[in-house]
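# Notes for the structure review
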Amino acid sequence: MVPSVLLADDNPINTDILEIKTLGKKWLELYRSSNIEKFMDQYTEDALVALNGKPALKGKEAIQAYFESRIGKKNVDMRLDYEKISINQNIAVVVAKFYLDYPFEERIETVGGRSLIVYKKSDLGKWLIDVDIDQKTPDAN
C-alpha cells in the first residue's frame, strides 16, 4: 500500500518534490526579470499571499499590484532551507526557512524567516502557488 502523503525525506527522487524544489529558484529568477506576466503565471487565480507585517494580498490582481513596482528593481538573492514537503494528490505543502539578501546602502541586508507555501497542481499538471505566508522567525536569522 502506498501512503497518500509523501514526505521529502521518505522519497527524495519523487518528481513532484524535485519540481517543487525548483520552483523557489524559478520564483527568484522571475522576480529578478521584471516580467510581471510570467511572474504572475506562478499563482492560482485566487491565490493568497501574506507577507510579514503586511495586509494579505487576495487574488492575482492584488498580488500583481504589490509586486509590479518591486520586481526587477533590486539585485536580491534568496535561499530556501526546506524543512518539510508534503504531497497529497494535487496539493503540496511546503515549510521552509528563507533568507532574503538585498542591497541596502553600502552593504547587503539579510531578512530571515519561515514560509508556508501551498501549491495546487493545475489541470495541465503545473504546480501553482495558492497560498504563500512568510513571517520573520528568530531561528532563521
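It should be noted that the structure appears before, not after, this text.
First things first, this report covers the structure right here in the doc. The shown structure was predicted, so the numbers you read here are calculated from the model rather than taken from an experiment.

### Notes on the overall build of the protein chain
- The helix and strand tally for the protein chain stands at three helices and seven strands.
- Scaling as 2.2 N^0.38, a compact globule of 141 residues should have a C-alpha radius of gyration of about 14 Å, and the protein chain matches this with 15 Å.
- Each principal axis of the C-alpha atoms in the protein chain carries an extent, and together these give about 55 × 35 × 25 Å.
- Residues counted as buried form 40% of the 141 residues belonging to the protein chain.
- Counting contacts in the protein chain only where the partners sit at least 6 residues apart, residues at least 24 apart contribute 51% of the total.
- In the structure as shown, the protein chain presents an accessible area of about 8,700 Å², 52% of it carried by carbon and sulfur atoms.

### Some details on the pattern of salt bridges
- Counted under the stated rule, the structure contains nine salt bridges.
- Here E109 ties to R107 by a salt bridge, and the two come within 2.7 Å at their closest N and O atoms.
- Taking the relative accessible area as the measure of exposure, E109 reaches 21% and is therefore partly exposed.
- We classify R107 as partly exposed; its relative accessible area is 44%.

### Here's the deal with the pairing of strand β5 (residues 91-104)
- Of the pairings in the sheet, the one linking strand β4 (residues 77-88) to β5 comprises 11 bridges and is antiparallel in character. Pairing of M78 across the sheet is with L100, part of β5.
- From the end of β4 to the start of β5, which pair antiparallel, there are two residues, and Q89 there has a positive phi angle of about 60°.
- Here 14 bridges tie β5 to strand β6 (residues 107-121), and the two strands are oriented antiparallel to one another. In the strand pairing of β6, P103 is matched with I108.

The rules we used
- Residues numbered from 1 in each chain as written.
- Predicted model: local features only at pLDDT ≥ 70, side-chain atom pairs only at ≥ 80, totals over all residues.
- Heavy atoms only, no water.
- Helix = DSSP H or I, 4+ residues; strand = E, 2+ residues; numbered from the N terminus.
- Rg over C-alpha atoms; globule rule 2.2 N^0.38 Å.
- Buried < 20%, exposed > 50% of the residue type's maximum accessible area, 1.4 Å probe, protein only.
- Contact = heavy atoms within 4.5 Å.
- Areas by Shrake-Rupley, 256 points an atom, 1.4 Å probe, with all protein chains shown as cover.
- Salt bridge = Lys/Arg side-chain N within 4 Å of Asp/Glu carboxyl O.
- Pairing = 2+ DSSP bridges.

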